[in-house]
Amino acid sequence: MSTGTVLPNEAPEHCPGVNSESAGKASACAGCPNQNICSEPKGPDPGIQLVKERLSEVTNKILVLSGKGGVGKSTVTALLSRTLAADDSERNVAVLDIDICGPSQPRVLGVADEQVHQSGSGWSPVYVEDNLSVMSIGFLLGSPDDAIIWRGPKKNGMIRQFLSEVDWGKLDFLLIDTPPGTSDEHLSAVTYLSKAGLSGAIIVTTPQEVALLDVRKEIDFCRKVNVEILGVIENMSSFICPNCDKSSEIFPVTTGGARKMCEDLRVPFLGSLPLDPRIARCCDEGRDFITELPDSPALKASSEIVKRVLESCKQQKQ
Ligand SMILES: Nc1ncnc2c1ncn2[C@@H]1O[C@H](COP(=O)(O)OP(=O)(O)OP(=O)(O)O)[C@@H](O)[C@H]1O
């Protein structure tokens, strides 16, 4: 048996392996419960080419990842996309929410009541601003309370559709908000984007050790699937009191926080975002924090982070 042969469960004695040319066709395959699956034509998923064509006019495609849930990945995605769009009205930005089981971008970006429309050229995203659009499974649900209980292949199909059938037009930035962890959605997205030129991933964490432990796994995932790490953002690093401007640490940093972890693992640290309760309120109510909270320290920090992201995307293209 050659190295690299993959055997299915309940493989017959002389199984040629699922990745062999004769899989499903060899005499040993007769009667094997996997014969039908193995004999299906092999080759790259045609969706990979479709995604490449559809996203050919999208300059920077960025995955936003987090190890743990609730660390603020969706908030940070919204913050970065709004900052990118507000900084330059000529810059076209979009958010794709592939958090299939917990889509929050329609609410956070204030377009929860909108609907997506299908035209001859695909699904039209929902416009938050003239230069900021969003697509999310949240738009396709009957009610925001509907639970989505899908197995891997169905999620995979939806991600393929999202990546290959949304008519984004010409975009400078597409930020892809993912579920926490490394699951089916991440593998599907990375696979379908493999020929489309993924710029890289931004990883969001909080300073707590439990969150940082999971970020290490996320970094390992990116390295295993060859996704460039644009950097790590530490969210809710501190709390700045809106009344007295005094800064307090909410989550005690025991091992140096995200900055130290980035140094240890040699990945870029993009910056820290403070916790601002007014941001949380704006997100809950879908209001634009850029216009409502121009003095928020979180927005100042977000502008600095965006500068670093722009720089890192520019360097990549050189
Ligand atoms: N910098 C911040 N300042 C204030 N509130 C924040 C900040 N970041 C996140 N939050 C709040 O924390 C909560 C969790 O944030 P969010 O939903 O963005 O997390 P998530 O990592 O995307 O979660 P999930 O794992 O469910 O996808 C929300 O109520 C959000 O408004």
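Residues numbered from 1 in each chain as written. Predicted model: local features only at pLDDT ≥ 70, side-chain atom pairs only at ≥ 80, totals over all residues.

This brings us to the UniProt feature "binding site: [4Fe-4S] cluster 2" (unreviewed entry) in the protein. Here the UniProt-annotated "binding site: [4Fe-4S] cluster 2" (unreviewed entry) positions come out as C241 and C244. Of note, C241 is situated in the loop between β9 (229-240) and β10 (247-248). Classification of C241 by C-beta neighbours within 10 Å gives exposed; the count is 11. (UniProt positions renumbered as here; feature names shortened; annotations may be inferred. Helix = DSSP H or I, 4+ residues; strand = E, 2+ residues; numbered from the N terminus. Buried ≥ 20, exposed ≤ 12 C-beta atoms within 10 Å, placed from the backbone.)

Split into domains, the protein comes out as domain 1 (18-46) and domain 2 (55-317). Distance from the C-alpha centre of domain 1 to the C-alpha centre of domain 2: 39 Å. (Domains from an automatic or database assignment.)

A separate point is the nonpolar core. One finds I62, L63, V64, I176, A201, I202 and I203 to be the most contacted residues of the largest nonpolar core, which totals 73 residues. When residues no more than four places from it in sequence are discounted, the contact partners of I62 are F173, L175, I176, S199, G200, A201, I202 and L230. (Core = buried A, V, L, I, M, F, W, Y, C linked by C-beta atoms within 7 Å. Contact = placed C-beta atoms within 7 Å.)

What follows deals with the site of the ligand. Neighbouring the ligand are 22 residues, the closest being G69, G72, S74, T75 and A280. At the level of elements, α3 (73-87), β9, β11 (269-275) and α9 (277-285) are the ones that each hand at least two residues to the shell around the ligand. If you tally residues by element for the shell around the ligand, the top one is α9, at four residues. In terms of residue class, the shell around the ligand is made up of ten nonpolar, nine polar and three charged. (Near = placed C-beta within 6 Å. Nonpolar A, V, L, I, M, F, W, Y, C, P; charged D, E, K, R; others polar.)

Right, let's get into the environment of S27. Take S27: it is sitting in the segment before α1 (35-38). When the C-alpha positions of S27 and P16 are compared, they lie 9.7 Å apart, and in sequence the two are eleven residues distant.

Listed as buried for α9 are I279, C282 and C283. Down the axis of α9, the smallest arc covering the buried residues is 100 degrees, so these residues share one side. Of the residues in α9, the exposed ones pointing more than 90 degrees away from the buried face are P277, D284 and E285. For α9, the elements touching its buried residues are α3, α4 (105-108), α10 (289-292) and α11 (297-317). G286 sits one or two residues past α9 and shows a positive phi near 65 degrees. (Arc of directions from axis to C-beta.)

On to the UniProt feature "binding site: [4Fe-4S] cluster 1" (unreviewed entry) in the protein, then. Per the UniProt record, "binding site: [4Fe-4S] cluster 1" (unreviewed entry) is found at C15, C29, C32 and C38. The named residues occupy 24 residues along the chain; their greatest pairwise C-alpha distance, 10.7 Å, places them in one compact cluster. Assignment of secondary structure puts C29 in the segment before α1. Under the C-beta neighbour-count criterion, C29 is labelled buried, with 20 such atoms within 10 Å.

Here the focus is the pairing of strand β6 (residues 132-136). Extensive coverage of β6 is indicated by the burial of five of its five residues. Across the two faces of β6 the burial is the same, with L132, V134 and S136 and S133 and M135 all buried. Bridge analysis of strand β2 (residues 93-97) against β6 gives five bridges, and the strand direction is parallel. Residue pairing for β6: L96 is matched across the bridge by M135. Of the strand pairs in this sheet, strand β5 (residues 126-129) and β6 are connected by three bridges, and their pairing is antiparallel. Looking at the pairing, E129 lines up with L132 of β6. Linkage of β5 to β6, two consecutive antiparallel strands, is achieved through a turn of two residues. (Pairing = 2+ DSSP bridges.)

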